Every structure is written in structure tokens, then in C-alpha cells.
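Residue-level listing of the chains:
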Amino acid sequence: MIEALLTSEVQKFIRDHENDDLATLMLKVKQYADFPLKAAIEQIQSRKKAKAKLPTWYAANNLIYPPPLSLEQSSSAITAEYKASLFSGENFVDLTGGMGIDFSFLSKSFKKGSYVERQANLVEIAQHNISQLGIRDAEFHHAEAEGFLYQTSEKFDLIFLDPARRGNHDQKVFRIEDCEPNVLSLLPLMKAKGKSILIKTSPLLDIKGALRDMGGATEVHVVAVNNEVKELLFIIDDKANENPVIKAIDLIQTEVDFEFDYTQEQRAILTHGNIENYLYEPNVAILKAGAFKSVAERFSLTKLHINSHLYSSNIAITQFPGRSFKVLTELSFNKKELRKALPKMKANITVRNYPLTVEQIRNKTGLKDGGDHYIFATTDQSGKKVVLCEKA
């Protein structure tokens, strides 16, 4: 199929029909009896996704793309570039090469790269794509990660591992021991063969549980893009310990970057209080990292409630790593009161530790989404509150 997709006829078809309605195009399958129409349409779908997610791949000619779902779950250019920025050296190995997306970006930071993948068809596709992308100092190995490490005599400046996050029945798994290959059984071998280890995991993984199971790390990076956590990165080297540096990072909203460790979090002095003049909602990277007390102490904020994860202050904090709001007034969900405060009956609604969902509030009040005003339905020390805000 690879050879068929790389013919000039099929490549021209993919480019010429990129903006067509693909469902309608698929109905013409009988007109393309000797043509790999289904595979070509799948390539068009993936190539369109790559236009924003992997612009360097989109700009290259004659690449073979993974299925659309695989491309959605793969690293984007911005997250792959971030990983590549963390390391440099002579050589690295990607033990779970896959389509070669992370490998292609990490290669820019090293003089030589080794790609390892257990699926023969992926090795063939990655070898073709990496060559088309102009990466020359790359070796390709059709092998299991563990078998490769046992057999190689080479020592690496970096070992990269992105274990599969699905079980035998295609269910998602979120514990480090349920990933494939088995990270825990591979760790001793990786430590023996690598100066540094970089493990990429699901954003839903329990960070503290993974650290406990792996015996610690040097750094953990919670990587978000536009307030959506995309991946967790565990860095392990000879400085690894049970209290690593935790970095909460948003690659678009860079003012969000926040660093702490769990000892600091445990010792942080936290004050609970009621809603004051300003309200703060941390970026999701900080919430995923678990910096609930540290962020309050760092910016001298009071936390509304142990379960609310919202913060407040009397004076404006301009450098808060998340969203900041000026509190305008306290509301109820009485429609008459809402129409007086919001004549257009439009507001952006956020629920934190409150008995109603956003959808239930909209159904109850008739409020539409949008506008410049924000409603927070939450709980502070004095009980349930609904407050109207505007961005600070």
C-alpha cells in the first residue's frame, strides 16, 4: 500500500482533492476501480489535520500519514518542539518510534538518532518519512524496546519512551504499570543504557502514583496548550528523587508557567476566605500538577473552599498564572434579577464545587453562552455563591 500511495498519480489526487467533500468523493468508489480511493481519502483527512498540527510535515512532499485518529493522539509540532528543547547531545533512542513524529523533532537536538518500533509497517513508513524530511543521521530498528536495549552495546544521552496507553481490549489505561511496553520493568535497563530518560504519558495519569511506582524523577512537566493539558513528561537521571521539581507549563499562555515541589506544597500556609474584589482561576496545568496551596501562598491569595480551587484577593494580582476577574456583584438565579444585571441574557458560566452543572443552569435561567460577563457558581466559606464578574 505504501508504494501505491507514493505514485505520482495518487499524490496528485491527494493534493488536488484536499478541499473536496470527502463523503461525496467516497461515493464515487466505482469510478476508481483500480485506484486506492479509500486509502487516498484517509491520507487527505490526515494531511488536513497535519496542516495546523504539524505544519513542517504538511509542507513536505510525498509523506505517508497515520490514520486520522492516530494523528489526533500524536504529539503536535509545538509539544514535540518543546520536548526537543529540553535535551541535546550526541545520540538518543526513541524506543516507541511509531510514526516518527517525536523522533523527527528530537533529531534536531542530537547528532544521531535511533528509531525502535515493534510494528514492521510503521518502521517502513517512518523510514520513508524521516528521509523525506531531510533527516540523515538516523538508524531504524524493527525490534521490541526491551530486546533492543538488551542487545545494543551503545550508551545514549537520551532514551525517549512514549508507551501505549490502551489495554488489551482497547480501553484507556491511566496507571504507569498498565502501559505498553511496561515502563517499570524497563526502568533498570533504561537507567543502565541512558544518561537521561524522558517518559511521555497520558495527561490523565496520576502523577504522585507514577512517581511512587517509578521510585522518583528529576523533573515532571505538565504540558498544556491553550489551557488544555496535552501530556505529562517525566525526566529521570542520576539526580532523580521522590520530591522532583514540578513544572506547570502552557506553551501558548507562557505567563502561566509555574514551578514547585510537593514538599513546598505540603508546607505551604493556606488561608480560606470568602469572595473578595478579585477572583482567580488557575490554569489547568497548575491544577493537574496539584499546586493548590503553593499558588495561593505564592500570590498571597485566599482559597474559597477546600474543594473549589478558586482564589480571591482584595487587590489585583497582575501576574497570576491563569484567568483573573473583577467581581461585580453577587447574584441569584432569579430570572428577573438576571435580566436586570444582564439585559442580553448572555454570560460565560463556570461551575466549581456547586450542585448544578452549566447545562442545568442554562436550562433553568435561559442564559445563553457568550458576551463579556462571567458567572461563577461556587462555594466559599459562607456557603453557595453566584457572582458576576468581568475579566480583570
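Conventions we followed
- Residues numbered from 1 in each chain as written.
- Predicted model: local features only at pLDDT ≥ 70, side-chain atom pairs only at ≥ 80, totals over all residues.
- Heavy atoms only, no water.
- Buried < 20%, exposed > 50% of the residue type's maximum accessible area, 1.4 Å probe, protein only.
- Helix = DSSP H or I, 4+ residues; strand = E, 2+ residues; numbered from the N terminus.
- Pairing = 2+ DSSP bridges.
- Core = buried A, V, L, I, M, F, W, Y, C linked by side-chain atoms within 4.5 Å.
- Contact = heavy atoms within 4.5 Å.
- Axes fitted to C-alpha atoms, helices over the stretch in contact; angles between N-to-C directions.
- 1 Å grid on protein atoms, 1.4 Å probe; cavity = no way out; pocket = protein on both sides within 12 Å on 5 of 7 lines; lining within 4 Å.
- Points joined across faces, edges and corners; volume = space filled by probe spheres on them.
- Nonpolar A, V, L, I, M, F, W, Y, C, P; charged D, E, K, R; others polar.
- Salt bridge = Lys/Arg side-chain N within 4 Å of Asp/Glu carboxyl O.

Visitor: Mind laying out the pairing of strand β6 (residues 219–224), listing which residues take part and the relevant values?
Guide: Most of β6 is tucked away: five of the six residues are buried. With six bridges joining them, β6 and strand β8 (residues 245–250) adopt parallel strand pairing. Pairing of E219 across the sheet is with V245, part of β8. Across six bridges, the pairing between β6 and strand β7 (residues 229–236) is antiparallel. Each bridged residue has a counterpart across the sheet, and for V220 the counterpart in β7 is F234. The turn linking β6 back onto β7 is made up of four residues, and N226 within it adopts a positive phi angle of 50°.

Visitor: Any chance you could break down the pairing of β7 for me, citing the residues and the numbers?
Guide: The two faces of a sheet get side chains in turn, since along a regular strand they alternate between them. Within β7, seven of the eight residues are buried, which leaves it mostly tucked inside the rest of the structure. Examined bridge by bridge, strand β5 (residues 194–201) and β7 share five bridges and lie antiparallel to one another. Paired with T201 across the two strands is L232, which belongs to β7.

Visitor: Pulling in residues and values, what's your account of the nonpolar core?
Guide: The biggest cluster of nonpolar side chains holds 50 residues, and the ones touching the most others in it are F13, L54, W57, I101, F105, L158 and L198. Here this core takes six residues from helix α4 (residues 37–53), the largest share from any one element. Once you skip the residues sitting within four places of it in the chain, F13 turns out to touch L25, Y32, F35, L37, A40 and I44.

Visitor: So what's going on with the sheet that holds β8? Which residues, and what values?
Guide: Reading across the sheet, the nine strands line up as β3-β2-β1-β4-β5-β7-β6-β8-β9 and stay open at both edges, with mixed pairing between neighbours. The strands lining the two open edges of the sheet, one partner per strand, are β3 (138–142) and β9 (258–260). Strand after strand, the sheet turns through a mean of 15° between neighbouring axes, direction not considered. On top of the sheet, helix α9 (residues 120–132) reaches β2 (110–117) and β3; it is set at about 170° to β3, its chief contact. This element, helix α12 (residues 207–214), spans β5, β6 and β7 of the sheet and lies at about 25° to β7.

Visitor: Describe the layout of surface pockets, listing the residues and the values that go with them.
Guide: The computed volume of the second largest pocket comes to approximately 290 Å³. Along the walls of the second largest pocket sit 17 residues, with K208, Y262, E265, Q266 and G290 positioned nearest its centre. Contributions of two or more residues to the lining of the second largest pocket are made by α12 and α13 (262–267). Looking at the lining of the second largest pocket residue by residue, the class counts come to five nonpolar, six polar and six charged.

Visitor: An account of the pattern of salt bridges is needed here, citing residue identities and associated values.
Guide: In this structure the tally under the stated criterion is 17 salt bridges. Note that K200 and D162 form a salt bridge whose closest N and O atoms lie 3.4 Å from each other. A residue pair is termed long-range when its members are at least 10 positions apart, and K200 in strand β5 and D162 in the loop between β4 (156–161) and α11 (183–193) qualify at 38 residues. Overlapping salt bridges bring together K83, D102, D162, K200 and E231 as one network.

Visitor: Requested: an account of the sheet that holds strand β17 (residues 383–391), with residues and values cited.
Guide: Across the sheet, which stays open at both edges, the eight strands sit in the order β10-β12-β13-β11-β14-β17-β16-β15 with mixed pairing between neighbours. Each end of this open sheet is capped by a strand with a single partner; those strands are β10 (271–272) and β15 (348–352). Direction of pairing for strand β11 (residues 278–282) relative to strand β13 (residues 311–313): antiparallel, over a ladder of three bridges. Looking across to β13, one finds that L279 is bridged to S312. Packing against the sheet, helix α17 (residues 358–365) makes contact with β15 and β16 (373–380), and its axis sits at approximately 130° to β15.

Visitor: I'd like a rundown of empty space enclosed by the protein, residues and numbers included.
Guide: For the structure on display, the rule yields one cavity of 30 Å³ or more. Estimated volume of the largest cavity: approximately 100 Å³. Taken together, Q11, I14, R15, Q43, R47, A60, N61, N62, L63 and Y65 make up the lining of the largest cavity. Taken together, the elements giving at least two residues each to the lining of the largest cavity come down to α2 (8–16) and α4. With three residues, the top contributor of residues to the lining of the largest cavity is α2.

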